[in-house]
Amino acid sequence: MKTATGAAWLAEPERGSAAAIGLISWLTLKLGRGATRWLLYPVCLYFLACSGQSRRASRAYLVRVLGRKAGVRDVLRHYHVFASTVHDRVLLVRGRCEEFDISVQGAAKVDGILAQGRGCILLGSHLGSFEVLRALGHFKINTPVNIVMHEDNAAKTGRVLAHLAPELQDRVIAPGRPETMLRVKECLERGEIVGILGDRPLGGDRIWPCRFLGETARFPLGPLLLAGTLGAPVVLFFGLYLGGSRYEVHFETLVEGETVAREQRPEVAARWLERYVEWLEHYARRAPYNWFNFYDFWDAGAH
Amino acid sequence: MEQQTKLEGEVAKLIAEAVNLETPAEALDPDIRLFREGLGLDSIDLLEIALAISRKYGFQLRSDDPANGTIFASLRTLSAHIAQHRTR
């Protein structure tokens, strides 16, 4: 599937070889973040030279979000921000949060829900780092976080991470299985968090067109239909990387948690989805180089 | 097409109502696949069906049931599972 190829470029064995990633991860844990960050430059230059498709996608996105021409320098910066978050993931899954300066805004929105013993859907995106969520234990949110994602993706991007933090693998929910949504429901009933990245269709999904950065793109309606079916609260999550060792985490309440009658569900879910996309655009403008969908996002429906 | 048993007929009706099927319930082949190919249902549809089953038959379908592959295979296998576990 084309959607998966672009974004996972750094971690794909056929591109950034698994051995190289293993080596960089090992060095990072041994020598620390600062001593290994320079490695990202040659990696980025390599991808700038070798990945025509991601380079074109990066440029097409940057032109929209910046509202000006985007040159090689911008693309390189875009790659570097992505590479930084992948690099940091190694430390984040190991719980090495002291290496980072993370500011959190709106955590009370999640706290309030969890304090009532309710679970919540945390709707994220490929804008910024979802892994920075692993640092939340640091901010006294100790509820288990389950993540809906493709296992083969998890296997590719995560073989090294799985090795570093095997306990996280049990919390990966594979999409597109008969029992996928049942599992989500059970996690929510136990008062846990279920993370879903809401900007990419997971395959076989119900799709809804929304205007994003001036043009229509297709977004998955599934996560919000699910929220309407189960009456689950939905909180948006953005973990933006702001350069250096700085991350900025934002939570925004999207849905308080209301069961919607089946007849109204598609319409209500579409309205929620449109609000999600508005927030996505808002934060894309705040941290434009954090967009990690390296494929033709607006044309995705054609693939 | 094979005949539906009485329970299969009931479950076919429950499915048709839960996911707005275009095919009339009584015309459902008991052996047609429910998920993806066949009836073309997705995971959200199956959740709707699971919720309807727990309301009507008084037991929960579980995500960690090792038999899920067979339970959700067809109207016939789903009905057989309900016959075994129903509490009402």
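Each remark here, short or long, concerns the structure printed above.
Conventions and cut-offs
- Here the residue index of a chain counts from 1 through its sequence in written order.
- Just so you know, chain letters begin at A and ligand numbers begin at 1, following the order they were written in.
- Residue-level local features of this predicted model are given only where pLDDT is at least 70; pairs of side-chain atoms are given and counted only at 80 or more, and the full residue set underlies all totals for whole chains, interfaces and linings.
- Water and hydrogen atoms play no part in the side-chain values, which are based on all heavy atoms of the structure.
- To qualify as a helix, a DSSP run of H or I must reach at least 4 residues; to qualify as a strand, a run of E must reach at least 2; elements of each kind are numbered from the N terminus.
- Three exposure classes are used, based on accessible area relative to the maximum for each residue type with a 1.4 Å probe and protein chains only: buried under 20%, partly exposed in between, and exposed over 50%.
- We call two residues in contact whenever any of their non-hydrogen atoms come within 4.5 Å of each other.
- A 1.4 Å probe and the Shrake-Rupley method give the accessible areas. Residues count as covered only by the protein chains that appear here.
- Buried area counts how much accessible surface, traced with a 1.4 Å probe, disappears from two parts once they are put together, with both parts' losses summed.
- By definition here, a salt bridge exists when the distance from a side-chain nitrogen of Lys or Arg to a carboxyl oxygen of Asp or Glu is within 4 Å.
- To pair, rings of Phe, Tyr and Trp, with the six-membered ring standing in for Trp, must have centres within 6.5 Å; the planes then decide the type, stacked if under 30 degrees apart, edge-to-face if over 60, and tilted in the middle.
- Axis angles are defined between N-to-C directions and span 0 to 180 degrees, where every axis is a line fitted to C-alpha atoms and, for a helix, only to the segment in contact.
- Small angles under 35 degrees read as roughly parallel and large ones over 145 as roughly antiparallel, with 65 to 115 read as roughly perpendicular and the rest as oblique.
- Gly falls in the polar group here, along with every residue not listed as nonpolar (Ala, Val, Leu, Ile, Met, Phe, Trp, Tyr, Cys, Pro) or charged (Asp, Glu, Lys, Arg).
- Here the rule is simple: two strands pair whenever DSSP picks up at least two bridges between them.
- Polar contact criterion, stated in full: a pair of N or O atoms within 3.5 Å, where within protein one must be able to donate a hydrogen and the other to accept it, and residues adjacent in sequence count only if both atoms are side-chain atoms.
- The set of buried Ala, Val, Leu, Ile, Met, Phe, Trp, Tyr and Cys residues whose side-chain atoms join them within 4.5 Å is what this entry labels a nonpolar core.
- For a helix, the expected span equals 1.5 Å multiplied by the number of residues minus one.

K.L.:
Let's hear about the overall build of chain A: which residues, and what values?
P.N.:
Secondary structure summary: chain A contains 11 helices and 9 strands in total. With 303 residues in all, chain A has 55% of them scored as buried. Taking as baseline every contact in chain A between residues at least 6 positions apart, the subset at least 24 positions apart corresponds to 75%. With an accessible surface of roughly 12,900 Å², chain A has 53% of that area assigned to carbon and sulfur atoms.

K.L.:
Break down the overall build of chain B for me, with residues and values.
P.N.:
Counting its regular elements, chain B contains 4 helices and 0 strands. Order of helices (α) and strands (β) in chain B, N terminus to C terminus: α-α-α-α. Counting across all 88 residues of chain B, residues that qualify as buried make up 51%. Within chain B, contacts between residues at least 6 apart in sequence are counted, and of these 64% link residues at least 24 apart.

K.L.:
Explain the interface of chain A and chain B to me, and be specific about the residues and the numbers.
P.N.:
Taken together, the 19 residues of chain A in the interface contact 21 residues of chain B. Between chain A and chain B, roughly 1,700 Å² of surface is buried when both sides are summed, and carbon and sulfur atoms account for 55% of that area. Contact with chain B buries surface across chain A, with A:Pro178, A:Leu182 and A:Arg262 losing the most and accounting together for 33% of the total. Put simply, chain A and chain B have 4 salt bridges between them. When the shortest N-O distance is used, the salt bridge between B:Asp42 and A:Arg206 registers 2.7 Å.

K.L.:
Break down the packing of aromatic side chains for me, with residues and values.
P.N.:
Residue and element names in this part refer to chain A. Evaluated as defined, the whole model comprises 19 aromatic pairs over all chains. Ring geometry for Phe212 against Phe219: centres 6.0 Å apart, planes inclined by 85°, an arrangement best described as edge-to-face. Each member of the pair Phe212 and Phe219 is classed as buried. Residues Trp291 and Phe297 carry aromatic rings whose centres are separated by 4.9 Å and whose planes lie at 80° to one another, so their mutual orientation is edge-to-face. Overall, Trp291 belongs to the buried group, its relative accessible area being 1%.

K.L.:
Outline the pattern of salt bridges, listing residues and values.
P.N.:
According to the stated counting rule, one finds 18 salt bridges over all chains in the structure shown. Across the salt bridge formed by A:Asp88 and A:Arg33, the nearest N and O atoms sit 2.6 Å from each other. With A:Asp88 in helix H6 (residues 72–93) and A:Arg33 in helix H3 (residues 33–36), this pair connects stretches of sequence that are 55 residues apart. Among the salt bridges present, the one from B:Arg33 reaches B:Glu37, with a minimum N-O distance of 3.6 Å. By sharing partners, the salt bridges in this structure join A:Arg171, A:Arg190 and A:Glu192 into a single network.

K.L.:
So what's going on with the packing of helix H1 (residues 6–19) of chain B against helix H4 (residues 75–85) of chain B? Which residues, and what values?
P.N.:
In helix packing, the relevant descriptors are the interaxial angle and the interaxial distance, both defined with respect to the helix axes. Residue and element names in this part refer to chain B. Where H1 contacts H4, the two axes come as close as 9 Å, and the packing angle between them is 110°. Here H1 is positioned roughly perpendicular relative to H4, judged by the angle of their axes. Of H4, the residues touching H1 (which contributes Leu7, Glu8, Val11, Ala12 and Ile15) are Leu75, Arg76, Leu78, Ser79, Ile82 and Ala83. The residue makeup of the contact of H1 with H4, split by class, is 8 nonpolar, 1 polar and 2 charged.

K.L.:
Can you tell me about the pairing of strand E7 (residues 215–220) of chain A, naming the residues and giving the values?
P.N.:
Residues and elements named next belong to chain A. Where strand E6 (residues 207–212) lies against E7, 6 bridges are found, and the strand directions are antiparallel. Residue pairing for E7: Trp208 is matched across the bridge by Phe219. Here E6 hands over to E7 after 2 residues, with Leu213 in that stretch at a positive phi of 50°.

K.L.:
Go over the side chain of A:Ser125 with me, naming the residues and quoting the values.
P.N.:
All names here are of chain A. Position of Ser125 among the secondary structure elements: in the loop between strand E2 (120–124) and strand E3 (145–148). Within the local environment of Ser125, its side chain forms a polar contact with the backbone nitrogen of Leu127, the two atoms lying 3.1 Å apart. If sequence neighbours within four positions are ignored, Ser125 has contacts with Leu197, Gly198, Asp199, Phe237, Phe238, Tyr276 and Leu280.

K.L.:
Please set out the side chain of B:Ser79 residue by residue, giving values where relevant.
P.N.:
Residue and element names in this part refer to chain B. Inspection of the secondary structure puts Ser79 in helix H4. A distance of 2.6 Å separates a polar side-chain atom of Ser79 from the backbone oxygen of Leu75. Setting aside residues no more than four positions away along its own chain, Ser79 makes contact with Leu7, Glu8 and Val11.

K.L.:
Please give an account of the environment of B:Thr70 that cites residues and values.
P.N.:
Tracing the backbone shows B:Thr70 in helix H3 (residues 68–71). Between the C-alpha atoms of B:Thr70 and B:His81, which are 11 residues apart in sequence, the distance is 9.2 Å.

K.L.:
Explain the nonpolar core to me, using residue names and the numbers behind them.
P.N.:
Grouped together as the largest cluster of nonpolar side chains are 120 residues, with contacts concentrated most on A:Phe219, B:Ile15, B:Ile49 and B:Leu78. Beyond its immediate chain neighbours, meaning those up to four positions away, B:Ile49 contacts B:Leu14, B:Ile15, B:Ala18, B:Val19, B:Leu41 and B:Leu78.

K.L.:
An account of the pairing of strand E5 (residues 193–197) of chain A is needed here, citing residue identities and associated values.
P.N.:
Residues and elements named next belong to chain A. Counting buried positions along E5 yields 4 of 5 residues, so the element is predominantly enclosed. Pairing of E2 with E5, which is carried by 5 bridges, proceeds in the parallel orientation. Bridge pairing in E5 links Gly124 to Leu197. Across 4 bridges, E3 lies against E5 in parallel orientation.

K.L.:
Account for helix H5 (residues 52–66) of chain A, naming residues and giving values.
P.N.:
Residue pairs spaced three or four apart in an α-helix point in one direction, given the helix's 3.6 residues per turn. Residue and element names in this part refer to chain A. For H5, built from 15 residues, the straight-helix expectation of 21 Å at 1.5 Å per residue is met to within 8% by its first-to-last C-alpha distance of 21 Å. Within the sequence span of H5, burial applies to Gly52, Ser54, Ala57, Ser58, Tyr61, Leu62 and Val65. Contacts made by the buried residues of H5 are with helix H4 (40–50), H6 and helix H11 (265–286). Count one or two residues on from H5 and you reach Gly67, which has phi positive near 70°.

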